[in-house]
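Each chain, letter by letter, is given below.
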Amino acid sequence: MAPSTANVSLEQQNKELVADFMEVFSTGDVEGILSYLSPTATWWVGGTIDGISGTKDKQAFGEMLSSLSTATTTGAIRLTPLAFTAEGERVAVETESYSEMTNGRVYNNLYHFVFVVRDGKIETVKEFLDTEHTRAVFLAP
């Protein structure tokens, strides 16, 4: 029998939600991915990469995800969480990505994500990553 959520800390619930989100993210199911985000969610990506870096609202994030599906051979970038730290509504996750790209390159990046979860939905995400690797894989000629 599954434990009741009354016996599970908020931090544990939030870590499980983020882990589930990363599993769905790894499938490339854009609607499934967006279902984890609140209507007012924002996603920020570090760096200065045109079309990738900066803050996106839920709709713009969904559009970016849709464009990624055509850049990868599997239609998705697999995210593997390596370590979680949670406090209150904040969940920090060290993560590794992997995807084979249609341009013949391999995208294998390391991230530090900071999620804010409120009322069972992801409200904000900050994504720190190796921008030079991203630029080389996605944008280099």
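Residues numbered from 1 in each chain as written. Predicted model: local features only at pLDDT ≥ 70, side-chain atom pairs only at ≥ 80, totals over all residues. Heavy atoms only, no water.

Asks: Got a minute to help me understand the overall build of the protein chain in this structure?
Replies: Across its full length, the protein chain carries four helices and seven strands. The N-to-C order of helical and strand elements in the protein chain reads α-α-β-β-α-β-β-β-β-β-α. Its C-alpha radius of gyration of 15 Å places the protein chain within 12% of the 14 Å reference for a compact globule of 141 residues. If one aligns the C-alpha atoms of the protein chain with their principal axes, the spans along those axes are about 55 × 30 × 25 Å. Taken over 141 residues, the protein chain has a buried fraction of 40%. Long-range contacts, defined as pairs at least 24 residues apart, comprise 52% of the intrachain contacts of the protein chain with a sequence gap of at least 6. Per element, the accessible surface of the protein chain, about 7,700 Å² overall, is 52% carbon and sulfur. (Helix = DSSP H or I, 4+ residues; strand = E, 2+ residues; numbered from the N terminus. Rg over C-alpha atoms; globule rule 2.2 N^0.38 Å. Buried < 20%, exposed > 50% of the residue type's maximum accessible area, 1.4 Å probe, protein only. Contact = heavy atoms within 4.5 Å. Areas by Shrake-Rupley, 256 points an atom, 1.4 Å probe, with all protein chains shown as cover.)

Asks: I tried to follow the pairing of strand β7 (residues 121-129) on my own but got confused; where do I start?
Replies: Along any regular strand the residues' side chains alternate between the sheet's two faces. In this sheet, β7 lies alongside strand β1 (residues 37-45) in parallel orientation, the contact comprising five bridges. Of the residues in β7, the one forming a bridge with W43 is V125. The turn linking strand β6 (residues 110-118) back onto β7 is made up of two residues, and D119 within it adopts a positive phi angle of 55 degrees. (Pairing = 2+ DSSP bridges.)

Asks: Would you take a moment to explain unusual backbone geometry for this structure?
Replies: If a residue is not glycine, its phi is most likely negative; likewise, a peptide bond is most likely trans. Here the phi dihedral of D119 falls at roughly 55 degrees; this positive angle occurs in a residue that is not glycine. Tracing the sequence through the fold places D119 in the loop between β6 and β7.

Asks: How should I be thinking about the layout of surface pockets in this particular structure?
Replies: Empty pockets left among the atoms are what a rolling probe the size of a water molecule brings to light. Of the pockets and cavities examined, the largest pocket occupies roughly 400 Å³. What lines the largest pocket is a set of 26 residues, among which I52, M64, L68, I77 and F138 lie closest to the centre. Elements that contribute at least two residues to the lining of the largest pocket include exactly β1, α3 (58-69), β6, β7 and α4 (131-138). Looking at the lining of the largest pocket, the element that brings in the most residues is α3, giving five residues. Classifying every residue of the lining of the largest pocket by side-chain character gives 19 nonpolar, five polar and two charged. (1 Å grid on protein atoms, 1.4 Å probe; cavity = no way out; pocket = protein on both sides within 12 Å on 5 of 7 lines; lining within 4 Å. Points joined across faces, edges and corners; volume = space filled by probe spheres on them. Nonpolar A, V, L, I, M, F, W, Y, C, P; charged D, E, K, R; others polar.)

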